[in-house]
Amino acid sequence: MIFSAQSKAFALLLSVGLVAGCSSTGGTSEDGGEFGSDVSAVDQEGGSTVYGGDDQSGVSSSAMTEEERMAAREQAEQQALREITVFYFDFDTAEIKQEARDVLVAHARFLANNPGQNVRIEGHADERGTKEYNLALGERRANAVQRFLIVNGASRGQLETVSYGEEKPAVMGSSESAWAQNRRVELVFE
Amino acid sequence: MTHRIWYKPSRTLLAVFALIFFAVTGARAELLIRITEGADSAIPVAVVPFAESGQMPAGDKVGSIVQADLTMTGEFRTLPPEKMLSLPSRREEVYFRDWRLLGQRYVLVGSLTRSGDRVQARYELFDVNREERILGETAAAPASNTRSLAHHISDKVYEAITGVPGAFSTKLAYVTLDTANGKPRYRLQVSDVDGKRARIRLESQEPILSPAWSPDGKKLAYVSFETGKPVIFVHELSTGQRTKVADFPGLNSAPAWSDDGRSLLMTLSKDGNAEIYRMNLDSRQLTKLTNHWAIDTEPSYDASGKGIFFTSDRSGGPQIYHMETPGAEPRRITFGSRYNARPRPDNDGKYVYYVHQRDRAFHIARTELKTGEETILTRTESDESPSVAPNGRMLIYATRQNGSNVLTVISADGGAAYSLPASEGDVREPAWGPLVR
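Cut-offs used in this document
- Residues numbered from 1 in each chain as written.
- Chains lettered and ligands numbered in written order.
- Predicted model: local features only at pLDDT ≥ 70, side-chain atom pairs only at ≥ 80, totals over all residues.
- Helix = DSSP H or I, 4+ residues; strand = E, 2+ residues; numbered from the N terminus.
- Buried ≥ 20, exposed ≤ 12 C-beta atoms within 10 Å, placed from the backbone.
- Contact = placed C-beta atoms within 7 Å.
- Axes fitted to C-alpha atoms, helices over the stretch in contact; angles between N-to-C directions.
- Parallel < 35°, antiparallel > 145°, perpendicular 65-115°, else oblique.
- Left-handed = near helix turned anticlockwise from the far one by under 90°.
- Expected span 1.5 Å × (residues − 1).
- Domains from an automatic or database assignment.
- Nonpolar A, V, L, I, M, F, W, Y, C, P; charged D, E, K, R; others polar.
- Pairing = 2+ DSSP bridges.
- Core = buried A, V, L, I, M, F, W, Y, C linked by C-beta atoms within 7 Å.
- pLDDT = per-residue confidence, 0-100.
- UniProt positions renumbered as here; feature names shortened; annotations may be inferred.
- Right-handed = clockwise from strand over helix to strand, strands pointing away.

This brings us to the overall build of chain A. Looking only at helices and strands, one finds six helices and four strands in chain A. The order of α-helices and β-strands along chain A, N terminus first, is α-α-α-β-α-β-α-β-α-β. Relative to its full complement of 190 residues, chain A shows a buried share of 34%. Sequence separation of at least 24 residues holds for 67% of the intrachain contacts in chain A that already meet a minimum separation of 6.

So, about the packing of helix α4 (residues 98-113) of chain A against helix α5 (residues 131-151) of chain A. Helix packing for two helices is described by the angle between their axes and how far apart those axes are. Residues and elements named next belong to chain A. α5 packs onto α4 with a crossing angle of 60° between their chain directions and a minimal axis gap of 8 Å. Taken as axis vectors, α4 and α5 run oblique relative to one another. When the axes of α4 and α5 are compared, the crossing they make is right-handed. Between α4 and α5, the residues in contact are L104, H107, A108 and L111 and V145, F148 and L149, respectively.

In this section: α4(A). Since the α-helix advances by 3.6 residues per turn, residues separated by three or four positions end up pointing in the same direction. Over its 16 residues, α4(A) extends 24 Å from the first C-alpha to the last, a length consistent with the 22 Å expected when each residue adds 1.5 Å. When α4(A) is considered as a whole, its buried residues turn out to be A:V103, A:L104, A:A106, A:H107, A:A108 and A:L111.

This part covers the domain arrangement of chain B. Residue and element names in this part refer to chain B. When cut into domains, chain B gives domain 1 (36-162) and domain 2 (171-432). Facing 11 residues of domain 1, the contacting portion of domain 2 comprises 11 residues. Elements supplying a minimum of two residues to the side of domain 1 that touches domain 2: α2 (62-72) and α4 (146-162). The leading source of residues in the side of domain 1 that touches domain 2 is α2, at three residues. Among the residues making up the side of domain 1 that touches domain 2, the classes are represented as three nonpolar, four polar and four charged.

Let us look at the sheet that holds strand β16 (residues 252-257) of chain B. Residues and elements named next belong to chain B. The sheet built from four strands is open, its strands ordered β16-β17-β18-β19 with antiparallel pairing. Both edges of this open sheet fall to β16 and β19 (286-288), since each of them pairs with a single strand only. Mean inter-strand twist for the sheet, computed between neighbouring axes without regard to direction, equals 30°. With three bridges connecting them, strand β18 (residues 275-280) and β19 associate as antiparallel partners.

Before going further, it helps to examine the nonpolar core. Grouped burial of nonpolar side chains is what soluble globular proteins tend to show. Within the largest apolar cluster, 129 residues are counted, with the highest numbers of intra-cluster contacts made by B:V66, B:V107, B:L108, B:A221, B:Y222, B:M266 and B:L395. With eight residues, α5(A) is the single largest residue contributor to this core. Every residue in contact with B:Y222, bar those within four places of it in the chain, is listed here: B:L188, B:I208, B:L209, B:S210, B:P211, B:A212, B:F233, B:H235 and B:P255.

This part is about the confidence of the model for chain B. Residue and element names in this part refer to chain B. On average, residues of chain B score 89 in pLDDT, and 90% of them reach the 70 mark or higher. Every residue in residues 1-28 is under pLDDT 50, and counting partners more than four places away or in other chains gives 42 contacts. Both scores are given for the predicted complex: the pTM is 0.82, the ipTM 0.87.

Let us look at unusual backbone geometry. What is expected of a backbone is that most residues other than glycine have negative phi and most peptide bonds are trans. All names here are of chain B. Even without being glycine, A254 reaches a positive phi, approximately 55°. Along the chain, A254 turns up in strand β16. Notably, S385 is not glycine yet its phi reads approximately 55°, a positive angle. In this structure, S385 sits in strand β28 (residues 384-388). According to the C-beta neighbour criterion, S385 is buried, with 25 such atoms within 10 Å.

It is worth spelling out the interface of chain A and chain B at this point. Contacts between chain A and chain B engage 16 residues on the former and 28 residues on the latter. Contributions of two or more residues to the side of chain A that touches chain B are made by α5 and β3 (159-165) of chain A. The dominant element in the side of chain A that touches chain B, judged by the number of residues it contributes, is α5(A), at eight residues. When grouped by side-chain class, the residues that make up the side of chain A that touches chain B number five nonpolar, four polar and seven charged.

So, on to the environment of B:A198. Along the chain, the position of B:A198 falls in the loop between β10 (183-192) and β11 (199-204). You can call B:A198 buried: it has 23 C-beta atoms within 10 Å.

One rule of thumb: low pLDDT means the predicted coordinates there are not for detailed reading. Mean pLDDT over chain A works out to 76, with 66% of the residues at or above the 70 mark. For the stretch residues 1-55 of chain A, pLDDT sits under 50, and the model shows 47 contacts to residues farther than four places along the chain or on other chains.

UniProt's feature table lists "domain: OmpA-like" (unreviewed entry) at residues 76-190 of chain A, given in the numbering used throughout. Between the end C-alpha atoms of residues 76-190 of chain A there is a gap of 22 Å, over a span that is 44% helix and 19% strand.

This paragraph deals with the sheet that holds strand β26 (residues 361-368) of chain B. By way of backbone hydrogen bonds, the strands of a sheet pair with one another, either parallel or antiparallel. Residue and element names in this part refer to chain B. Taken together, four strands build an open sheet; the order of strands is β24-β25-β26-β27 and the sheet is antiparallel. The sheet is open, and its two edges are formed by β24 (340-345) and β27 (374-376), each paired on a single side. Adjacent strand axes in the sheet meet at a mean angle of 30°, parallel and antiparallel pairs treated alike. Of the pairings in the sheet, the one linking strand β25 (residues 351-358) to β26 comprises eight bridges and is antiparallel in character. Each residue of the ladder has a partner; that of R358, found in β26, is A361.

All names here are of chain A. The buried count for strand β2 (residues 119-124) comes to five of six residues, which makes it a mostly enclosed element. Pairing analysis gives six bridges linking β2 to β3, with the strands arranged parallel. The residue bridging R120 from the neighbouring strand is E160, located in β3. With α5 bridging β2 and the parallel β3, this β-α-β connection has right-handed handedness.

A few words on the pairing of β25(B). All names here are of chain B. In terms of burial, β25 is largely enclosed, as seven of its eight residues are buried. Bridge analysis of β24 against β25 gives four bridges, and the strand direction is antiparallel. By the bridge assignment, P345 is partnered in β25 with V352. The antiparallel hairpin formed by β24 and β25 contains five residues in its connecting segment, where G349 sits at a positive phi of about 75°.

Here we take up α2(B). Taken across its 11 residues, α2(B) has 10 buried, putting it largely inside the fold. One or two residues past the end of α2(B) sits B:G74, with phi positive at roughly 80°.

Structural data, given as structure tokens:
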């Protein structure tokens, strides 16, 4: 446990380039003084490829690899987050739930990186209460998501909101579970 | 006194409708009437089957339509004809002692005469205890339209007994929802108040909401999603002509007519938040009447025609507010629970009706404006869209029954009267039309 935690900390330090000048730690060679030329401990921990022997001309920098790896991992994570396009709300509120925030940040970053991508933000309410108030409530929810996306990097021109109120339930029925699934905002990428 | 009831042949309407993309006619989707209960205080009335001379049109008899009209209000208990001791059709044939024995307070008798393509009715209403005739009139209508003749007689009888004009000749607008070819099918329909003679005015795969009658009963304003977002249309019923009156960014919703029919209240969110506006329909000029970060919607003129009731969640949840004059500081009306919305005032300024949440259920309630006293009127639990009859005696609203949406009509003090389920699918968004003279 402790060893593993230390290694991870070390990997982290390495990846942000703070390892140079460190004193020797368990099994890591510092010869050549060049940062990252031989980082077997990290490699083992991090699982990146290490080339040994003098005949190897293209030794990859493990720090770079780690960055790429983390970038790839993050990209995969972001992509997985972006699979989620429906966000749920409590009755008569437009408050974005904690668990929705990371996902919406992922969408906002994606939109920031893809300025040609537009998205329609559809606000919905459950069947309880009145239709016209629910229409306004659905709009308030869509607007809350729109603001959140803008704050996190999307531009207003990419975003269009529409409220359907209680008119387009995701789930038919008059149960708590149906209502919970119908109080939602859906992102529709166009 | 002779009353004439004119009925425009549907042929001209059909021709006009065929030109309009969304408007559809021909198909009829009747509502089925289901009378749930009458009030304990119901007044016993005998509607004697009308005598007939000459060929009468097929279909429901005038007398039985009048009987059904009076029964469905819940205010009357009608005597089945088979229990009557005689079937008089004129004053000389009425033996008051017989009707007293049968426990009747009023007796309606009459006769129908066919002349050409018209049917004339002559009818008399008697107060059994006072042995007095309290109504005696004639009325005529085309033979194809004896149903309107019957509703007219019901109106007169109702007024003679209660002192309040009947609303049986008025119309209902509502929206039905079913599926066709796997797609939702929304239909805006107009029918008699008993659900009969329904006609489809608009059909769409997208939601239709909030129909509102113009004061002359000739137009409907409503919200249609046919363009992908809520847009307000005004629809001229006789021609089928539709005008898009509000298509601003965001919401265009909750239309409500002014008394003179020249402007509409509406909810727009073009400036980022749902606010109430008044639109002059001639100039299309807008006046902003609310200005608050909260949701302000569901406006309706009060009985004076000057002030406005509306829903706002400025207190944290939806509540009913009243502005004495447009733009004045609103006064909160409802305090009884955390959710009160969609106010609809009666015509004499006594009550405002609305959707009221109690525990987990949504009922229709009313508040007496003078005292602030609130009464819950319904026992059903998913109630929406109250609409008050123009005579203030009845109220229609949408609710759920056995898993589908139905319309229910109750007396304004809450006695259950009748429900109007759609023959297929759901029916919602009722709007009771005006008295048209």
